Amino acid sequence: MIQRIQTLYLILAAGISAGLIFVFHLWTNTEGAKVFALDNYMYLSLFMGSALLSLISIFSFKNRKSQFVMGRLNILLNFVLLGIFVYQSLNVSGETNVSEKGIGILLPIFSIVCLVLANKAIKKDEDLVKSVDRLR
């Protein structure tokens, strides 16, 4: 149902993925310009994909198993995004484009925390429904 706690966590994850990328910069490059997720279409598409998965998961509340699977996929997507950010910030070549990291690099971590909490609540609901079905 829409009024469950996992809905709050999923809305928060979608807000982090879709809204805060416009507010916080990812890093500052060597020229001093702030780099946002809007500057690179790959980052923007991964963030928007994460937000879209969260929103689809909110409205598939009748099928808790698919909601749980979409949450897991969203967590994997955010880990990929985090890995790309870590690789970009710790470029192996020695010549790095990242001179100062911004809080935007931490946005996938906040989103992962919200998604894990949502999946925990979804699992709790599924276990509750299974226990009630056993009693019938």
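Calculation criteria
Within each chain, residues carry numbers counting from 1 in the order of the written sequence. Whole-chain, interface and lining totals are the exception, using all residues; otherwise, since this is a predicted model, local features are given only for residues with pLDDT of at least 70 and side-chain atom pairs are given and counted only at 80 or more. Based on all heavy atoms of the structure, the side-chain values leave hydrogens and waters out of the count. Numbering of helices and strands starts at the N terminus; helices are DSSP runs of H or I of at least 4 residues and strands are runs of E of at least 2. Throughout, exposure labels follow a simple rule: accessible area from a 1.4 Å probe, protein chains only, divided by the maximum for the residue type, with under 20% read as buried, over 50% as exposed, and the rest as partly exposed. Under the convention used here, a 1.4 Å probe and the Shrake-Rupley method define accessible areas, while residue burial counts only the protein chains that appear. The sign given to each residue is positive for Lys and Arg and negative for Asp and Glu; His and the chain ends receive no count. The location of each charge is read from NZ of Lys, CZ of Arg, CG of Asp or CD of Glu. For this analysis, a salt bridge means a side-chain nitrogen from Lys or Arg found within 4 Å of a carboxyl oxygen belonging to Asp or Glu. Definition of a polar contact: a pair of N or O atoms within 3.5 Å, with one able to donate and the other able to accept a hydrogen when the atoms are protein atoms, and with sequence-neighbouring residues admitted only if both atoms are side-chain atoms. Contacts are assigned to residue pairs that have any heavy atoms within 4.5 Å of one another.

Identification of the chain as DUF4293 domain-containing protein from Winogradskyella echinorum is taken from an unreviewed UniProt entry.

Could you give me a rundown of the overall build of the chain, with the residues and numbers involved?
Looking only at helices and strands, the chain has four helices and three strands in total. Considering the chain as a whole, with its 136 residues, one finds that 38% of them fall into the buried category. With an accessible surface of roughly 8,100 Å², the chain has 68% of that area assigned to carbon and sulfur atoms. In the chain, 13 side chains carry a positive charge and 8 a negative one; their mean positions are 16 Å apart.

If you had to explain the pattern of salt bridges to someone new, which residues and values would you point to?
Scanning the entire structure with this criterion turns up three salt bridges. For Arg4, the salt bridge is made with Asp125, and the minimal N-O distance between the two is 2.7 Å. On the criterion of sequence distance, the pair formed by Arg4 in the segment before helix 1 (5-18) and Asp125 in helix 4 (residues 107-135) is long-range, its members being 121 residues apart. A salt bridge links Glu126 to Arg64; the shortest N-O distance between them is 2.8 Å. With Glu126 in helix 4 and Arg64 in helix 3 (residues 64-89), this pair connects stretches of sequence that are 62 residues apart. For Glu126, a relative accessible area of 14% gives the class buried. A residue is classified by how much of its surface remains accessible, and Arg64, at 23% relative accessible area, is partly exposed.

So what's going on with the side chain of Ser17? Residues and values would help.
Relative to the assigned elements, Ser17 resides in helix 1. Within the structure, Ser17 has its side chain in polar contact with the side chain of Ser50 (distance 3.1 Å). In contact with Ser17, not counting residues within four places along its chain, are Phe47, Ser50, Ala51, Asn78 and Ser111.

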